[in-house]
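A look at the structure
Chain by chain, the residues run as shown.
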Amino acid sequence: MLIVTGATGRLGALIVNRLLERVPADRIGVSVRDVSKAAHLAERGVRVRAGDFTEPGTLKHAFEDAERVMVISASIRGSGALTANTAAIDAAREAGAQRILYTSHQAASPTSLFPPQKVHAATEEHLRRQGVPYTALRNGFYGSTLGLYVGAALKTGKLAVPHDGRVSWTAHEDLAEAAASALADDGALEGITPPLTAPRTLDFADVAEILSRITGRTITRVVMDDDEWTSAAVAEGMPRPAAEFSLTMFAASRNGEFDATAPTLEATIGRPAKTVHEMLEAVVRSQ
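What comes next concerns the included structure. (Residues numbered from 1 in each chain as written. Predicted model: local features only at pLDDT ≥ 70, side-chain atom pairs only at ≥ 80, totals over all residues. Heavy atoms only, no water.)

Quick look at the overall build of the chain now. Across its full length, the chain holds twelve helices and nine strands. Against the 2.2 N^0.38 benchmark of 19 Å for 287 residues, the chain shows a C-alpha radius of gyration of 19 Å, consistent with a compact globule. Along the longest, intermediate and shortest principal axes, the C-alpha atoms of the chain span 55 × 35 × 35 Å. Within the chain, buried positions represent 53% of all 287 residues. In the chain, of all internal contacts separated by at least 6 residues, the share reaching a separation of at least 24 is 74%. Only carbon and sulfur atoms are counted for the fraction: they give 50% of the accessible area of the chain, which is about 12600 Å². Computing the positive centroid from 30 side-chain charges and the negative centroid from 34, the chain places the two 1 Å apart. (Helix = DSSP H or I, 4+ residues; strand = E, 2+ residues; numbered from the N terminus. Rg over C-alpha atoms; globule rule 2.2 N^0.38 Å. Buried < 20%, exposed > 50% of the residue type's maximum accessible area, 1.4 Å probe, protein only. Contact = heavy atoms within 4.5 Å. Areas by Shrake-Rupley, 256 points an atom, 1.4 Å probe, with all protein chains shown as cover. Lys, Arg positive; Asp, Glu negative; His and termini not counted. Charge placed at Lys NZ, Arg CZ, Asp CG, Glu CD.)

What follows is the structure, encoded as structure tokens:
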């Protein structure tokens, strides 16, 4: 049984859909907090069971008969994320999984300026110590994040964000396809992978230029002071902790943490990765 955790989240749902193109539905199991949200998968023959990283006792049943388990990193801020990730890894090992896979990040590091990368690094180390074959998928920065920042630019003509650096914006769809391959295919990706990224890194000045080409109007990149941007974000309704968290992404990017690419993703999926232009076209259409 190939088990995917968090199958109702965006990445998990895409991974399951890709798996269904590769293997029979009765070889796939999903672990979700709310089984009602995965009823459509059960209708297709996927085994659906309740499981919650923050309640490790639920995972024994969810991971029963596991051959391989894909642990989607917990979407929790702070130390709770590491606790949840390691609980899922431990449960997968105890269930007898022959390979444990984890959705990490290309910038995983104990010294990162972006807190999630410290969690990923610690989770990778825990995974390595289990004595079970493993794969840590070092995913590029999710391109969907751009949608959080370009909406206002489309209205005002100004992409006003803090000073940044180049980032390997990568599509969920491409990363899900690589993850499905790693889960279903022997020897597809093993150990800690190279960065799984689109082939180019871009900064927000590049993003503004692309938006200008897509919309046919000038989108100007405006660099804001960190404190100024944080205050503006809070004034517009963003909770201060969320704004301060977002600011760490910009700090890490200008430190060069996300300025890395590798051909591994495209080699794994067998086609060119989606470009930022394609991702932004989808954002513009959705506005």
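Additional details are given in the paragraphs that follow.
Here the structure, examined in full by the defined rule, presents 20 salt bridges. A salt bridge links Arg18 to Glu177; its shortest N-O distance comes to 3.9 Å. Note that Arg18 is positioned in helix H1 (residues 10-20) and Glu177 in helix H7 (residues 172-184), a separation of 159 residues in sequence. Each of Arg18, Glu21, Asp174, Glu177 and Arg271 takes part in salt bridges that share partners, so that together they form one network. (Salt bridge = Lys/Arg side-chain N within 4 Å of Asp/Glu carboxyl O.)

Between helix H4 (residues 79-94) and helix H5 (residues 115-128), the least distance of the axes is 10 Å, while the angle of their chain directions is 25 degrees. It follows that H4 is roughly parallel to H5 by the angle criterion. In the crossing of H4 with H5, the sense of the turn from one axis to the other is right-handed. Contact with H4, carried on its side by Ala81, Leu82, Asn85, Thr86, Ile89 and Asp90, involves Val119, Ala122, Thr123, His126 and Leu127 of H5 and no other residues of that element. Among the residues forming the contact of H4 with H5, the class breakdown is six nonpolar, four polar and one charged. (Axes fitted to C-alpha atoms, helices over the stretch in contact; angles between N-to-C directions. Parallel < 35°, antiparallel > 145°, perpendicular 65-115°, else oblique. Left-handed = near helix turned anticlockwise from the far one by under 90°. Nonpolar A, V, L, I, M, F, W, Y, C, P; charged D, E, K, R; others polar.)

This next bit is on the sheet that holds strand E1 (residues 2-5). Strand order in the open sheet formed by seven strands is E3-E2-E1-E4-E5-E6-E8, and the pairing between neighbours is parallel. On the outer flanks of this sheet lie strand E3 (47-50) and strand E8 (191-192), each paired with one strand and no other. Looking at chain direction, E1 and strand E2 (residues 28-32) are connected through four bridges and run parallel. Note that in E2 the partner of Ile3 across the bridge is Gly29. H5 rests against strand E5 (99-105), strand E6 (134-139) and E8 of the sheet, and its axis sits at about 160 degrees to E5. (Pairing = 2+ DSSP bridges.)

Right, let's talk about the environment of Ala50 for a bit. With respect to the helices and strands, the residue Ala50 is situated in strand E3. Measuring from C-alpha to C-alpha, the distance between Ala50 and Lys60 comes to 10 Å, with ten residues separating the pair along the chain. Filtering out sequence-adjacent residues up to four positions away, Ala50 remains in contact with Val32, Arg33, Val35, Thr58 and Ala62.

Looking at where Ser246 falls in the secondary structure, it is placed in helix H10 (residues 240-254). Residue Ser246 is classed as buried on the basis of its relative accessible area of 12%. Separated by 13 residues in the primary sequence, Ser246 and Ala233 place their C-alpha atoms 10.0 Å from one another. In this view, Ser246 contacts Tyr149, Trp229 and Met238; residues no more than four positions away in its chain are not counted.

For the coordinates displayed, the defined rule picks out ten aromatic pairs. Taking the centre distance of 6.1 Å and the plane angle of 85 degrees together, the rings of Phe114 and Phe258 count as edge-to-face. With Phe114 in the loop between E5 and H5 and Phe258 in the loop between H10 and helix H11 (264-269), this residue pair connects regions lying 144 residues apart in the sequence. Taking relative accessible area as the criterion, Phe258 reaches 0% and is therefore assigned buried. With a centroid separation of 6.1 Å and an interplanar angle of 75 degrees, the aromatic rings of Trp169 and Phe204 are classed as edge-to-face. In this pair, Trp169 is assigned in the loop between strand E7 (158-162) and H7 and Phe204 in helix H8 (residues 204-215), connecting sequence segments 35 residues apart. Relative accessible area serves as the criterion here: at 1%, Trp169 is assigned to the buried category. (Phe/Tyr/Trp six-rings, centres within 6.5 Å; stacked < 30°, edge-to-face > 60°.)

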